[in-house]
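Descriptive analysis of the structure
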Amino acid sequence: MVTSAAGLLVRLVAALCFFQYVQAKTVTYDFNVTWVTANPDGLYDRKVVGINGQWPLPVIEVDKGDQLVVNMHNGLGDKRASIHFHGMFQNGTNEMDGPSMVTQCPVSPGSSITYNFTVNQNGTYWYHCHTDYCYPDGYRQALIVHDKDAYFNDMYDEEYAITMSDWYHEMIEDITFIDKSNPTGAEPIPNAFLFNDTLNSSLSVEPGKTYLLRLINVGAFVAQYFYIEDHTFKIVEIDGVYTDATEASILYISVAQRYSVLVTMKNSTEKNYPIVTVADSQLLDTIPSDLRLNHTNWLEYNKTAAHPQATITVADASDLIPFDDMSLVPHDRMELLPEADLVIDLTVYMENLDNGADYALLNNISYTRPKVPTLFTVMSAGELATNSEVYGDYTHPMVLGHNQVVEIILNNGDGGSHPFHLHGHNFQLINRAPAYGEHFYDYADGDPVAYDPSNHTAFPKYPARRDTFVLPPQGYFVIRFVADNPGVWFFHCHIDWHLQQGLGMTLIEAPLQIQERLTIPQNHYDVCEASGVQSKGNAAGNTVDYLDLSGQNKQVAWLPAGFTAKGIVAMVFSCVSAFLGMAFISVYGASGIKMANKKRKTEKAAAEGSASTDS
Amino acid sequence: MGNNPVFAVTVFFICFRECLETTVVVSVLLAFLKQTLGGGEDQKMYKRLVKQVWLGCGLGLFACLAVGGGMIGAFYSLGTDTFSSTEDIWEGVLGIIASLIITIMGAALLRVSKLQDKWRVKLAKALEHEHNPNETRKGRFKRWMEKYVMFMLPFITVLREGLEAVVYIGGVGLGLPASSFPLAVFCGLLAGVAVGYIIYRGGRETSMQIFLIISTCFLYLVAGGLFSRAVWYFQNNAWNHVIGGDASETGSGPGSYDISQSIWHVNCCNPEVGGGGGWGIFNALLGWTNSATIGSVLAYNFYWICVMIGYGLMLWRERKGPLPYLDPVVHKVVNAKGRAKAFVFRTPWDQPTTAGPAHASGAVMEYGVLQTEKGAVAGPSTAIWQSSV
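What you are looking at is a predicted structure, and each value in this text was computed from that prediction instead of being measured.

**Some words on the UniProt feature "transmembrane region" (unreviewed entry) in chain A**
Listed under "transmembrane region" (unreviewed entry) in the UniProt record, and renumbered for this structure, are residues 568-591 of chain A. The annotated region residues 568-591 of chain A carries 100% helix and 0% strand content, and the separation between its end C-alpha atoms amounts to 35 Å.

**Some details on the UniProt feature "transmembrane region" (unreviewed entry) in chain B**
Under the UniProt annotation, "transmembrane region" (unreviewed entry) lies at residues 6-33, 53-77, 89-110, 148-169, 181-200, 212-234 and 297-316 of chain B. Taken end to end, residues 297-316 of chain B is 100% helix and 0% strand, and its first and last C-alpha atoms sit 28 Å apart.

**Some words on the domain arrangement of chain A**
Residue and element names in this part refer to chain A. Per the domain assignment, the segments of chain A are domain 1 (14-151), domain 2 (152-330) and domain 3 (342-531). Distance between the C-alpha centres of domain 1 and domain 2: 22 Å. The interface is formed by 34 residues belonging to domain 1 together with 40 residues belonging to domain 2. Between domain 1 and domain 2 lies a buried interface of about 3,100 Å² when both sides are counted; carbon and sulfur atoms form 56% of it. Looking only at domain 1, the three residues that lose the most surface to domain 2 are T124, R140 and Y151, adding up to 25% of its buried area.

**Description of the pairing of strand β21 (residues 358-362) of chain A**
All names here are of chain A. The element β21 is largely enclosed, with a buried count of five among its five residues. Burial along β21 is two-sided: D358, A360 and L362 and Y359 and L361, pointing in opposite directions, are all buried. When strand β20 (residues 342-352) meets β21, the two strands line up antiparallel, connected through five bridges. Counterpart to N352 in the pairing with β21 is D358. Linking β20 back to β21 in an antiparallel pair, the connection comprises five residues, with G356 at a positive phi of about 85°.

**A look at unusual backbone geometry**
All names here are of chain A. That bond from W55 to P56 is cis: its omega, 0°, falls within 30 degrees of zero. Mapped onto the elements, P56 comes out in the loop between β2 (46-51) and β3 (60-63). A433 connects to P434 through a cis peptide bond whose omega is -10°. Looking at the element boundaries, P434 is found in the loop between β25 (427-433) and β26 (465-466). One non-glycine residue with positive phi stands out, namely D239, at about 45°. Take D239: it is sitting in the loop between β14 (233-238) and β15 (241-248). D239 sits in the buried class, given a relative accessible area of 2%. One non-glycine residue, R333, lies in positive phi territory at about 55°. Position of R333 among the secondary structure elements: in the loop between β19 (294-300) and β20.

**Quick notes on helix α7 (residues 181-200) of chain B**
Residue and element names in this part refer to chain B. For α7, built from 20 residues, the straight-helix expectation of 28 Å at 1.5 Å per residue is met to within 8% by its first-to-last C-alpha distance of 28 Å. Considered for burial, the residues of α7 that qualify are F181, A184, G188, G192, V195, G196 and I199. Angularly, the buried residues of α7 cover 100° about the axis, an arc narrow enough to put them on a single face. Facing away from the buried side of α7, by more than 90 degrees, are the exposed residues P182, F186 and L190.

**Some thoughts on the environment of A:A306**
Note that A:A306 resides in the loop between β19 and β20. Sequence separation between A:A306 and A:S591 is 285 residues, and the spatial gap between their C-alpha atoms is 96 Å.

**Some words on the sheet that holds strand β5 (residues 84-86) of chain A**
All names here are of chain A. Read across the sheet, four strands follow the order β3-β8-β7-β5 without closing on themselves; strand pairing throughout is mixed. Edge positions in the sheet fall to β3 and β5, since each of these pairs with one other strand and no more. Shown here is a sheet whose adjacent strand axes are inclined to one another by a mean of 25°, direction ignored. The pairing of strand β7 (residues 123-128) with strand β8 (residues 140-146) spans six bridges and is classified as antiparallel. Paired with G123 across the two strands is V145, which belongs to β8.

Calculation criteria
- Residues numbered from 1 in each chain as written.
- Chains lettered and ligands numbered in written order.
- Predicted model: local features only at pLDDT ≥ 70, side-chain atom pairs only at ≥ 80, totals over all residues.
- Heavy atoms only, no water.
- UniProt positions renumbered as here; feature names shortened; annotations may be inferred.
- Helix = DSSP H or I, 4+ residues; strand = E, 2+ residues; numbered from the N terminus.
- Domains from an automatic or database assignment.
- Contact = heavy atoms within 4.5 Å.
- Buried area = accessible area lost by both parts, 1.4 Å probe.
- Buried < 20%, exposed > 50% of the residue type's maximum accessible area, 1.4 Å probe, protein only.
- Pairing = 2+ DSSP bridges.
- Expected span 1.5 Å × (residues − 1).
- Arc of directions from axis to C-beta.
- Axes fitted to C-alpha atoms, helices over the stretch in contact; angles between N-to-C directions.

Quick look at the structure:
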């Protein structure tokens, strides 16, 4: 009886799935991107990137399996743009990924581009501009993929998507950042922090119900601590990966990370409870007196009841102990990947280069855009596509073999934390030190601690997976993934400032398979033509000899140490003039001796003369 | 200026120079007394006058210490903190002042033998009145002054030079740590007395002059360094404004200097960080910097070129007579300065001199001496030569 019921259920589900598959629909969004004015923090009217005249931007919502088509027209007039669908694997549609000069050309003002891909994933994502600095000007919003089959579907009644973000009053292009006047590379301090692109908002809830909150940090720089007073929650998803429901009370959500949590409401409507977000002030070099780090929004049980401000119990955000995402277990129980076929060992550095500005480097390379988008180089390089040289020296290219197990060891030579994001994949979180918690900043003040393959804490059996992972200050992390998604994938720090400083690298995964499987639509070539970017050739734009990289974009030269030619010349000149000057002094001084002698003689003569007249 | 905590080079030279001048005056007086009265006939008178000289010295020293202490106290109670927000500008300005003072002093040092001439003239003037006491109308005060001229001369000299030293040290040394003063002052005084004594003993003038040449060269190295440092400080101030903080917070590494202005930069040997150690002394003496800017290198070379031009002109005029365009201008300036100075310091002495036509040449001569003393780089000194020859 039971088995037959179960069997029936299975069949029903299968039928439903099939029905859904057949039902998989195409969802089309037409985005006309223009400047609009907005004032989300009530402090300052500013120009923001709007879509169809609106800001906040529309949330993209699709069902798993849908075809998503986004027609974007760049009506900004003065700024190039693109859209990256953050977290989408883009399997077979690498050209739809969105980062300019990696998989596509930037969409110049007046041009249009069509993104068209199948969403075979589920969970919480977001989309944002991925060209120069464009998303902190407001060009970012949530992308939700509903899944009829999520294991927690029957555990909640309603859902809310919540975005958190830092917010600048100045246009990003007007902020001086990579410049000799900022030798420490201090990131610009945001003017405000937003919650669902506003402040002091309420989520109206009903007592006793359970809500799914999809939390997304769509900011450009600052991570947020998140908690709800007197409520705990269960984490069920991180970055699109379902996890076993795990109780937590405080989350640390770096930019680009997502958490889905289930929160069950209390049974009373007496009180409204603060939803607290605390900006990670450790990331800020200075904290202006007028910057509010803590914000309160409310679980609104009762519209008429008081909306109390959160009681902040800690002096510094870093005193909050967040849940460690490494301890989550993925619901699909994917096991730890075997030993890697390819290990990529990287270290983050922040250094001043020859123009006096601060740059970010992975090992000794600061990512510098190629002249041809790397994917277009793959498509036009023929057999040479497997040779990483054709992608240039400063895109930091790394060619991955098809289906290799890849391990990335990322050491942090910098005292700040860095949320690293890999396009096209989620990866297993194998190791990290220091772990989230009270020891997270322990390495920040001493020497950096590098990962030692022969001496590390045990790897988890079922490692958590996600697509954005925080690298601790002067610590390290280790991740693994299978190179089963041919494409050109950007691996970079998601702090937009750091990306502009060059904290990224290009993974070219199975280039020959890319060539086999991919057809870049004509529209994307048109975009290149309109923006005047070559769509053929190696990183230097050379279409004849792919191994000739003369003329490629280069990172700024190293800062010279010690005496250069001009220093030596200056030193020699200074010495020569000093000695010449002293020679003049000596001659003048020596002439004094002669005069003194002469004078003495005349005096003597005079004395003798007077003596003789006396006598 | 290289905040060497132990030895303030500029303070040393100021003390040395002022002390030397005082010693020269005293030695001229003593020599004169010895020459005129030391013969034996009037031992009592001689001893009394020598006593007067030493008493004048002692009281002058005491007075100047008292006044000077008060002034320095006032300087410091103003507090260096008053200036710390603009510390770099302050150090730059002081650097330029110190560099000019040393430059001018250095030129005077080379002609220190002229100091003797100058004081012989003064002494002669002072004694002339004794010879001719009743010729002009004068009050009791003047008679008293003349009676005690052997007291007043050293007293006024010591007081004047001492206060000059205090003012200079107070101004120049305001940016320096107080701990760097005592040793420098002591050494300066000692050296000044030593050299003065050698001059008094009429030591070998040639080797004396060689010593002076060497020490002057040394002085100019310091001054050149100071001048260059001053410009460096101005630029550092501008750079601090650009980066919105104190550049030395970034240590001596990248970001502590403006790359576009940099001529050389070595990540060590920073005289500004941690007291500077040996590099601090190197910096104070020769103007070494681990981070040279276009401005500081140009300033250093410019300084030396000016020195060469100045000395070239002085040499030329000593050999070939007054310079066509410069001299009239300089003479005017010097006259004005002399008048002002006479007004401030020597009213009691100068009034009688200007009264009689016989003393006109003496006045000119005095301005000439004044020129060598204060206007050496501009280089006017022919006046004295022409008038004294």
